[in-house]
Amino acid sequence: MAKNPVYILPGTMCNHRMFEAQIIVLQNAGYTPHVIPFTEQTSIAQMAELTKTIALESAPFIGFSMGGIVALALLKSNPELIKSLCLISSNSLADKPERPLIRQKQIKQAQATSTTDVLKHDFMPHYFHQPNLEHNKLVLKMANELGFNAFSAQLNALSTREDTLNVIEKTNKKLLFVGGEHDVLCPSTIQKTMHNACPNSDLILLGNCGHFVPLERSNTLNALLLDWLESIK
């Protein structure tokens, strides 16, 4: 078994490249980070099942955006696997009633044009607080690597997800919520709701930051993760 494993669950159309800075810092601190490769799983439950085939021992989990939704599903089904949980720019809500139809239109549009085209027009304007060319390039690189099938599968998974606030309310695990003050996708109000629902949790909201905390506030997040991991040893 790996020494000091930490499992990272990525967001929609994200892969290991999203967390390169965090991976380096964690490795240098003696941890073994594993990024779960979500590709063509069409439900949150399937993503949780995939995670269980990789995470074979109790360990800390880091869930970014969609990955946080998967982590909460895993916390519900297999709490023994999660030593502690850090949710970054995530939420516990079921999809809004109008969203599944919008997601299906986005899938059809991506099939007709390209996944990157839909990301550029529908997704990326909501990702960052400050425009950054390198961040945009990284998002599109990950999208090209994952491809249309992953895009379609992940949007279908998000549209059928369950509300998991009750999981947060019932858990006795230590939870850390991290969000950007300017996140329009998973805003600070949602982070506060989850924090208030969990008796054993901390909440940190980062200024000058949108949804993509691991990129926009990389150094700050790295320090927070190390402090959190040290606190649960």
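Everything quoted here is computed from the prediction, not taken from an experiment.

> Tell me about the overall build of the protein chain, residues and numbers included.
Helix and strand counts for the protein chain stand at ten helices and six strands. Taken over the C-alpha trace, the protein chain has a radius of gyration of 16 Å; the compact-globule value for 233 residues is 17 Å, and the two agree within 12%. Taking the principal axes of the C-alpha coordinates as reference, the protein chain spans close to 50 × 35 × 35 Å. Counting over 233 residues, the protein chain shows a buried share of 53%. When the accessible surface of the protein chain is summed, it comes to about 10300 Å², and 51% of that surface belongs to carbon and sulfur atoms. Separation between the mean location of the 20 positive side-chain charges and that of the 20 negative ones in the protein chain comes to 1 Å.

> Tell me what's going on with the pairing of strand 3 (residues 59-64), and back it up with residues and numbers.
Burial analysis of strand 3 places six of its six residues in the buried class, the great majority of the element. In terms of strand pairing, strand 1 (residues 5-9) meets strand 3 through three bridges, oriented parallel. Counterpart to I8 in the pairing with strand 3 is I62. With six bridges connecting them, strand 3 and strand 4 (residues 82-88) associate as parallel partners.

How each quantity is defined
Residues numbered from 1 in each chain as written. Predicted model: local features only at pLDDT ≥ 70, side-chain atom pairs only at ≥ 80, totals over all residues. Heavy atoms only, no water. Helix = DSSP H or I, 4+ residues; strand = E, 2+ residues; numbered from the N terminus. Rg over C-alpha atoms; globule rule 2.2 N^0.38 Å. Buried < 20%, exposed > 50% of the residue type's maximum accessible area, 1.4 Å probe, protein only. Areas by Shrake-Rupley, 256 points an atom, 1.4 Å probe, with all protein chains shown as cover. Lys, Arg positive; Asp, Glu negative; His and termini not counted. Charge placed at Lys NZ, Arg CZ, Asp CG, Glu CD. Pairing = 2+ DSSP bridges.

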